Amino acid sequence: MGDVGSIIGLALFAAVNPTLLAMVTIMMLLPNTKKLMLGYLLGAYITSISLGMAIVFSLHDSSSFDSAKHTLSPIEDLVIGAILLLIGYVFHSGRGERLRERRKQHKEEKSGGDPKQSWPERMLGRGSARVTFVLGLLLSFPGVSFLTALGRIAKLDWAAAPTAGFVIVIAMIQLLLLELPLLGYLVAPDWTGDAVVRFRTWIGRSGPRVASYVALVLGALLILRGVITLL
């Protein structure tokens, strides 16, 4: 039971994922939050569960596990962390607002006063679950904590069925940041919807300053985690 408890603890630690937190925050600021989160969750399930199964059932020696642990996660952390730091800098310096104004003015001049949105803006603005489904597929590769949990599951030497079931449970635990809001929409839709609106209002009042701080902190955490993993 001790091993099982430690594996669940690793999954809970994996749930505190800066990348997932950033994506959840972005989706809460967009229309049709529930559809966007559901699409992302389904994509994340496919990647997490399928890779989790493949890793556990093909894990024969610690060297292959250590290699996977040091190559799957750090590059993603460093790239996304650098992007978030850049976004945070742009917002903090005020360049983001000036850039948006210039782009808006340029679009209005080209379209005769009727600016057109880009394809991603249109898709996310319409609450396209297809877009977030693809993002969930691409941004849900196993991190270090999840890989460590998978390695310990492989060492339990259980039969195939309970092993597969445990991998699914662990994959679900690490996506709690998505599952809890969706559960809120199911159990208390009015309260959850009001909470999302209050969050948007708070962000709207605080403006780019909060966005810059959130992006800078998340970016720094991702880069720090990537560097530590590579060492």
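Residues numbered from 1 in each chain as written. Predicted model: local features only at pLDDT ≥ 70, side-chain atom pairs only at ≥ 80, totals over all residues. Heavy atoms only, no water.

**Focus: the environment of Ser-212**
Inference 1: Assignment of secondary structure puts Ser-212 in helix 13 (residues 208-230).
Inference 2: Ser-212 gets classed as buried once you look at its relative accessible area, which sits at 0%.
Inference 3: Once the C-alpha coordinates of Ser-212 and Ile-87 are considered, the two residues, 125 residues apart in sequence, prove to be 7.1 Å apart. (Helix = DSSP H or I, 4+ residues; strand = E, 2+ residues; numbered from the N terminus. Buried < 20%, exposed > 50% of the residue type's maximum accessible area, 1.4 Å probe, protein only.)

**Remarks on the nonpolar core**
Inference 1: Ile-7, Phe-146, Leu-150, Ile-153, Phe-166, Val-167 and Ile-170 are the most contacted members of the largest nonpolar core, which has 20 residues in total.
Inference 2: Contributions of two or more residues to this core are made by helix 1 (2-15), helix 3 (33-58), helix 9 (144-155) and helix 10 (160-173).
Inference 3: Among the elements that take part in this core, helix 10 stands out by supplying 6 residues, more than any other.
Inference 4: Leu-20, Met-37, Leu-178 and Val-196 belong to the second largest nonpolar core, which has 16 residues in total. (Core = buried A, V, L, I, M, F, W, Y, C linked by side-chain atoms within 4.5 Å.)

**Topic: the packing of helix 3 against helix 8 (residues 129-138)**
Inference 1: At a minimum axis distance of 7 Å, the contact between helix 3 and helix 8 shows a crossing angle of 30 degrees. Our pair here, helix 3 against helix 8, has a crossing hand that is right-handed. On helix 8, the residues touching Lys-35, Leu-36, Gly-39, Tyr-40, Leu-42, Gly-43, Ala-44, Ile-46 and Thr-47 of helix 3 are Ala-129, Thr-132, Phe-133, Leu-135, Gly-136 and Leu-137.
Inference 2: For the contact of helix 3 with helix 8, a count of residues per class yields 9 nonpolar, 5 polar and 1 charged. (Axes fitted to C-alpha atoms, helices over the stretch in contact; angles between N-to-C directions. Left-handed = near helix turned anticlockwise from the far one by under 90°. Contact = heavy atoms within 4.5 Å. Nonpolar A, V, L, I, M, F, W, Y, C, P; charged D, E, K, R; others polar.)

**A short note on the confidence of the model for the protein**
Inference 1: When the pLDDT values of the protein are averaged, the result is 77; 71% of them are 70 or greater.
Inference 2: Below a pLDDT of 50 lies the segment residues 60-64, which in the model reaches 1 contact outside its immediate sequence neighbourhood of four places, other chains included. (pLDDT = per-residue confidence, 0-100.)

**Focus on unusual backbone geometry**
Inference 1: Located in the positive-phi region is Asp-157, a residue other than glycine, with phi close to 60 degrees.
Inference 2: One can find Asp-157 in the loop between helix 9 and helix 10.

**Overview of the environment of Met-28**
Inference 1: When you line up the elements, Met-28 lands in helix 2 (residues 18-28).
Inference 2: On the basis of relative accessibility, which here comes to 17%, the residue Met-28 falls in the buried class.
Inference 3: Spatially, the C-alpha atoms of Met-28 and Phe-199 are 7.8 Å apart, while their sequence positions differ by 171 residues.
Inference 4: If sequence neighbours within four positions are ignored, Met-28 has contacts with Thr-33, Met-37, Val-196, Phe-199 and Arg-200.

**A few points about the environment of Thr-163**
Inference 1: Of note, Thr-163 is situated in helix 10.
Inference 2: Sequence separation between Thr-163 and Phe-57 is 106 residues, and the spatial gap between their C-alpha atoms is 8.8 Å.
Inference 3: Setting aside its immediate chain neighbours within four residues, Thr-163 contacts Val-56, Phe-57, Ile-153 and Trp-158.

**Examining the packing of helix 9 against helix 10**
Inference 1: Put simply, helix 9 and helix 10 touch, their axes get as near as 11 Å, and they point 160 degrees apart. Considered as vectors, helix 9 and helix 10 are oriented roughly antiparallel to each other. As for the relative orientation of helix 9 and helix 10, their crossing is right-handed in sense. Residues Phe-146, Ala-149, Leu-150 and Ile-153 of helix 9 form the contact with helix 10, whose participating residues are Thr-163, Phe-166, Val-167, Ile-170 and Ala-171.
Inference 2: By residue class, the composition of the contact of helix 9 with helix 10 is 8 nonpolar, 1 polar and no charged. (Parallel < 35°, antiparallel > 145°, perpendicular 65-115°, else oblique.)

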